[in-house]
Amino acid sequence: MKIEQLYTGCLAQGAYYIESEGEVAIIDPLRETQQYVNKAETNNAKIKYIFETHFHADFVSGHVDLAKKTGATIVFGPGATTEYNIHSAKDNEEFKLGKLTIKVLHTPGHTLESTTYLLIDENGKDHAIFSGDTLFLGDVGRPDLAIKSDLTKEDLAAMLFDSLRSKIMPLADDVIVYPAHGAGSACGKNLSKETVGVLGEQKKTNYALRADMTKAEFVKEVLDGITPPPQYFAKNAMMNKIGYSTFEDILQKGDTPLKPEDFEALANHESALVLDVRPQADYIKSHIPNSIFIGLNGQFAPWVGALITDLKQPLILVVPEGKEAEAVTRLSRVGYDNTLGYLQGGIDAWQKAGKEIDTLESISVEKFAKRVKDGNINILDVRKDGEFKSMHLEDAQHFALDFINDNMNEISKDKTYHIHCAGGYRSVIAASILKARGFDKLVDISGGFGAIKKTDLPTTDFVCPTTL
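Residues numbered from 1 in each chain as written. Predicted model: local features only at pLDDT ≥ 70, side-chain atom pairs only at ≥ 80, totals over all residues. Heavy atoms only, no water.

Visitor: Is there a simple way to explain the overall build of the protein in this structure?
Guide: Helix and strand counts for the protein come out as 16 helices and 22 strands. Expected size for 468 residues packed as a compact globule is a radius of gyration near 23 Å; at 24 Å, the protein falls within 12% of this value. By its C-alpha atoms, the protein is 70 × 50 × 40 Å across when sized along the principal axes. Taken over 468 residues, the protein has a buried fraction of 55%. (Helix = DSSP H or I, 4+ residues; strand = E, 2+ residues; numbered from the N terminus. Rg over C-alpha atoms; globule rule 2.2 N^0.38 Å. Buried < 20%, exposed > 50% of the residue type's maximum accessible area, 1.4 Å probe, protein only.)

So this is what it looks like as structure tokens:
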């Protein structure tokens, strides 16, 4: 028996490779599927099943492409309907994989078709669960993503309570838990940084698995503090349900070098969005006017999904040399399949061609502190709601990056704004979006709130985020 977790930090997502006696199952594969084919071929094995724990909302799964390449059967839980061929499994149905058995445990709540897969070893012992978004380490999946006219988030939360109590908690304490996500995912609230655990530890420490918890308490606690889902979630879930373009075609189209003149023509005449994915320090120093910064060195794909509202938006990239294919790949993971190419030679080629560039003012925290003390300035804190409530500068205006497209009317183009996040990544994203919307009096605070806390500027008292 071989089990391998293939974890992708940008999405905080775990896919799984399971092998026994030359037969392979893949659980929740990423969009780029050749890696699974290569791994199986290296091991002289054949991919037999592709198990999907549910219709993912936070990324586009690779199940459709992988099935086309390998002839493997796509398995979803009970009630799943798609526009491509699948095996819609029954509750408690078993699948043989070499000497192993994979048992379907229907666990609705995160979504209606959500399923946990129980792996039983060759001796008949329960070995592990692949819990999808039903059970995380430290949390459970949010129950507000599959709401229909006759079904509320409270209804789904109640289903999740029953699923956990009837299907997962009765399993032995030594059963290994392999979840679909870890810390950083928007699919839950308090996910652990750990990506593998054991069920007994979760029964002791996970708030949602308290033995004395009533259903009413569970519903209240699971729903408390859930922020609205990112706008791309419903769109990715639909792509996973109806199918999508082949990844290799997307990569071939997007990984295309463009000379500065051709790049500029696409921006001007084809309404292509210039997306700059370099490190923020490079963007601050020089960038193409009206380009949007979302750097590859941060939570790139989720921020693209949250902030670029049209999945079909034509994109052209400013990208570090050697990172072109990576950028196109990571965009496709969240359904942005319309990348048209990248600037050949980067900003240097753009400048050599005599094209206009822009810069962003960025100051040290020491200079910022002096400006605050010298007079009244406008400060935008673009961190998430929980971060802001936990601790913030007394004079800061909360202007969460998550909802920047909805809140432009809260600020004025006539004012100068000093912008900060936690460390400097999100503030530059926010500044780039505001600059593209005509706000030109912007100052980035280098180091963000992490650096600001070390000054003597007045802040609110710290409140532990877990108590909010």
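Okay, back to it.
Visitor: Help me understand the pattern of salt bridges in this model?
Guide: A side chain of one charge can pair with a side chain of the opposite charge when the charged atoms of the two come close. Counted under the stated rule, the structure contains 25 salt bridges. Between Lys48 and Glu23 there is a salt bridge, with the nearest N and O atoms lying 3.5 Å from each other. Taken together, the positions of Lys48 in strand β4 (residues 46-51) and Glu23 in strand β3 (residues 23-27) put the pair 25 residues apart, joining distant regions of the chain. Using a relative accessible area of 28% as the deciding quantity, one classes Lys48 as partly exposed. The partly exposed category is assigned to Glu23, whose relative accessible area is 25%. A salt bridge links Arg210 to Asp212; the shortest N-O distance between them is 4.0 Å. (Salt bridge = Lys/Arg side-chain N within 4 Å of Asp/Glu carboxyl O.)

Visitor: Just checking my understanding: could you explain the sheet that holds strand β9 (residues 115-120) for this structure?
Guide: Within a sheet, each strand pairs with its neighbour through backbone hydrogen bonds, oriented either parallel or antiparallel. In space, the six strands of this open sheet follow the order β7-β8-β9-β10-β11-β12, with mixed pairing throughout. Of all the strands in the sheet, the pair left with one neighbour each is β7 (94-97) and β12 (197-198). Both β7 and strand β8 (residues 100-106) contribute to a ladder of four bridges, which runs antiparallel. Within β8, the position partnered with Lys96 by the bridge is Thr101. (Pairing = 2+ DSSP bridges.)

Visitor: Explanation requested: the nonpolar core in the structure shown.
Guide: Side chains that are nonpolar tend, in soluble globular proteins, to be buried together. Leu275, Ile294, Phe300 and Leu434 are the most contacted members of the largest nonpolar core, which totals 81 residues. Looking at this core, the element that brings in the most residues is helix α15 (residues 425-436), giving seven residues. Ranked by size, the runner-up nonpolar core spans 22 residues in total, among them Leu105, Leu118, Val140 and Val175. (Core = buried A, V, L, I, M, F, W, Y, C linked by side-chain atoms within 4.5 Å.)

Visitor: Is there a simple way to explain the environment of Asp348 in this structure?
Guide: Within the fold, Asp348 resides in helix α12 (residues 346-352). A relative accessible area of 52% means that Asp348 is categorised as exposed.

Visitor: Help me understand the pairing of β8, please; the structure alone is not making it clear to me.
Guide: If a strand is regular, its side chains alternate between the two faces of the sheet. Within β8, six of the seven residues are buried, which leaves the element mostly enclosed by the surrounding structure. Here β8 runs beside β9; their pairing, made up of six bridges, is antiparallel. The residue bridging His106 from the neighbouring strand is Thr115, located in β9.

Visitor: Would you take a moment to explain the environment of Glu32 for this structure?
Guide: With respect to the secondary-structure elements, Glu32 resides in the loop between β3 and α1 (34-42). Spatially, the C-alpha atom of Glu32 lies 34 Å from that of Arg437, the residues being 405 residues apart in sequence. In this structure Glu32 touches Phe247, Thr329 and Arg333, once residues within four positions along its chain are discounted. Of note is the side chain of Glu32, whose polar atom sits 2.4 Å from the side chain of Arg333. (Contact = heavy atoms within 4.5 Å. Polar contact = N/O pair within 3.5 Å; in protein donor to acceptor, adjacent residues only side chain to side chain.)

Visitor: Help me out: how do you make sense of the pairing of β3 in this one?
Guide: The element β3 is extensively covered by neighbouring structure, given that four of its five residues are classed as buried. Pairing geometry for strand β2 (residues 13-20) and β3, over five bridges, is antiparallel. Among the inter-strand pairings, Tyr16 is bridged to a residue of β3, identified as Ile27. Between β2 and β3, which follow one another and run antiparallel, lie two residues, and Glu21 among them has a positive phi close to 55 degrees. The pairing of β3 with β4 spans five bridges and is classified as parallel. Pairing of Ala25 across the sheet is with Tyr49, part of β4.

Visitor: Any chance you could explain α15 here in plain terms?
Guide: An α-helical turn contains 3.6 residues, so a residue and the one three or four places further along point in the same direction. For α15, which comprises 12 residues, the first-to-last C-alpha distance of 17 Å matches the rise-based estimate of 16 Å (1.5 Å per residue) to within 8%. With 11 of its 12 residues buried, α15 lies for the most part within the structure. Those residues of α15 lying buried are Tyr425, Arg426, Ser427, Val428, Ile429, Ala430, Ala431, Ser432, Ile433, Leu434 and Lys435. Trailing α15 by a residue or two, Gly438 shows a phi angle of about 100 degrees, which is positive. (Expected span 1.5 Å × (residues − 1).)

Visitor: Sorry, what's going on with the environment of Asn378 here?
Guide: With respect to the helices and strands, Asn378 occurs in strand β19 (residues 378-381). Separated by 41 residues in the primary sequence, Asn378 and Ile419 place their C-alpha atoms 8.6 Å from one another. Within the structure, the side chain of Asn378 is placed 3.2 Å from the backbone oxygen of Thr416, a separation counted as a polar contact.

Visitor: Just checking my understanding: could you explain the packing of aromatic side chains for this structure?
Guide: The geometry of an aromatic ring pair is captured by the separation of the ring centres together with the interplanar angle, meaning the angle of the planes. Per the counting criterion, the structure on display carries 13 aromatic pairs. Here Tyr49 and Phe95 contribute two aromatic rings whose centre-to-centre distance is 5.3 Å and whose plane-to-plane angle is 75 degrees, an arrangement assigned as edge-to-face. Taken together, the residues Tyr49 in strand β4 and Phe95 in strand β7 connect sequence positions 46 residues apart. On the basis of relative accessible area, Tyr49 is assigned to the buried category, the value being 13%. Between Tyr283 and Phe293, the aromatic rings sit 5.4 Å apart at their centres with planes inclined by 40 degrees, giving tilted as the arrangement. In this pair, Tyr283 is assigned in helix α9 (residues 280-285) and Phe293 in strand β15 (residues 292-293), connecting sequence segments 10 residues apart. Of the aromatic side chains, those joined through ring pairs into one cluster are Tyr49, Phe51, Phe95 and Tyr117. The ring of Tyr17 has Lys39 lying over it, and the distance from NZ or CZ to the ring centre is 5.9 Å. Its end group placed over the ring of Phe439, Lys413 keeps NZ or CZ at 5.6 Å from the ring centre. (Phe/Tyr/Trp six-rings, centres within 6.5 Å; stacked < 30°, edge-to-face > 60°. Lys NZ or Arg CZ within 6 Å of the ring centre and 35° of its normal.)

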